[in-house]
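Coordinates in review
Listed here are the chains, written in short residue letters.
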Amino acid sequence: MMAKAKEPSPVATVLLVAFGASQNKILDISLPVDDYYCDSHPIIDDNEFRKKMGIRYIEGQIFDYEGNLDQKFKNEYDSEGAYKHSKIVHSDGTIIED
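In this report, we go over the structure that sits alongside the text. Keep in mind that what you see is a predicted model, and the values were worked out from it rather than measured. (Residues numbered from 1 in each chain as written. Predicted model: local features only at pLDDT ≥ 70, side-chain atom pairs only at ≥ 80, totals over all residues. Heavy atoms only, no water.)

Here we come to the nonpolar core. Judged by nonpolar contacts, the single largest core of 14 residues is most densely connected at Val14, Leu16, Tyr36, Ile43, Ile58, Ile62 and Phe73. Mapped by element, the contributors of at least two residues to this core are β1 (13–19), β2 (25–32), α1 (33–38), β3 (57–63) and β4 (69–77). With three residues, the single largest contributor to this core is β1. The contact partners of Leu16, leaving out residues within four places of it in the chain, are Leu27, Asp28, Ile29, Leu31, Ile43, Ile44, Ile58, Glu59, Gly60 and Phe73. (Core = buried A, V, L, I, M, F, W, Y, C linked by side-chain atoms within 4.5 Å. Buried < 20%, exposed > 50% of the residue type's maximum accessible area, 1.4 Å probe, protein only. Helix = DSSP H or I, 4+ residues; strand = E, 2+ residues; numbered from the N terminus. Contact = heavy atoms within 4.5 Å.)

Structural data, given as structure tokens:
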């Protein structure tokens with residue numbers, strides 16, 4: 001049996017997956033990294049959007065311009081869509097939680 005070829009990583013892309021309180025997947029979004037950092041997106045920046053959609057968690061992966069994974073994160077939100085907590089794991093192993 002042949003091993004599957006590894007798919008190339010996305011280049012300069014942010015992958016976001018939003019989940020509800022019961023860990024059900026609600027949204028799966030891919031954004032150019034420049035849009036993620038320079039423009040707002042309701043999944044990240046809008047409490048009312050998250051409340052309306054029932055989003056309680058967002059898992060993200062940020063890939064740099066060479067397709068390397070720069071960081072992974074998980075954000076947690078309350079039932080009103082307000083930010084509660086996050087954990088960020090950078091490519092060098094640094095972990096930031098708040």
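What follows is about the side chain of Arg50. Counting through the fold element by element, Arg50 comes out in helix α3 (residues 47–53). Buried and unpaired, Arg50 has no salt bridge, with Asp45 as the nearest side chain of opposite charge at 6.3 Å. Reaching out from Arg50, the side chain makes a polar contact with the backbone oxygen of Gly81 at a distance of 2.8 Å. (Lys, Arg positive; Asp, Glu negative; His and termini not counted. Salt bridge = Lys/Arg side-chain N within 4 Å of Asp/Glu carboxyl O. Polar contact = N/O pair within 3.5 Å; in protein donor to acceptor, adjacent residues only side chain to side chain.)

The strand order across the open sheet formed by six strands is β2-β1-β3-β4-β5-β6, and the pairing between neighbours is antiparallel. Each edge of the open sheet carries a strand with a single partner, namely β2 and β6 (95–97). Adjacent strand axes in the sheet meet at a mean angle of 10 degrees when their direction is disregarded. Strand direction decides the pairing type here: β1 and β2, joined by seven bridges, are antiparallel. The residue of β2 that forms the bridge with Phe19 is Lys25. (Pairing = 2+ DSSP bridges. Axes fitted to C-alpha atoms, helices over the stretch in contact; angles between N-to-C directions.)

Within the secondary structure, Gln23 sits in the loop between β1 and β2. With a relative accessible area of 39%, Gln23 lands in the partly exposed category. The sequence separation of Gln23 and Asp70 amounts to 47 residues, and the corresponding C-alpha distance is 25 Å.

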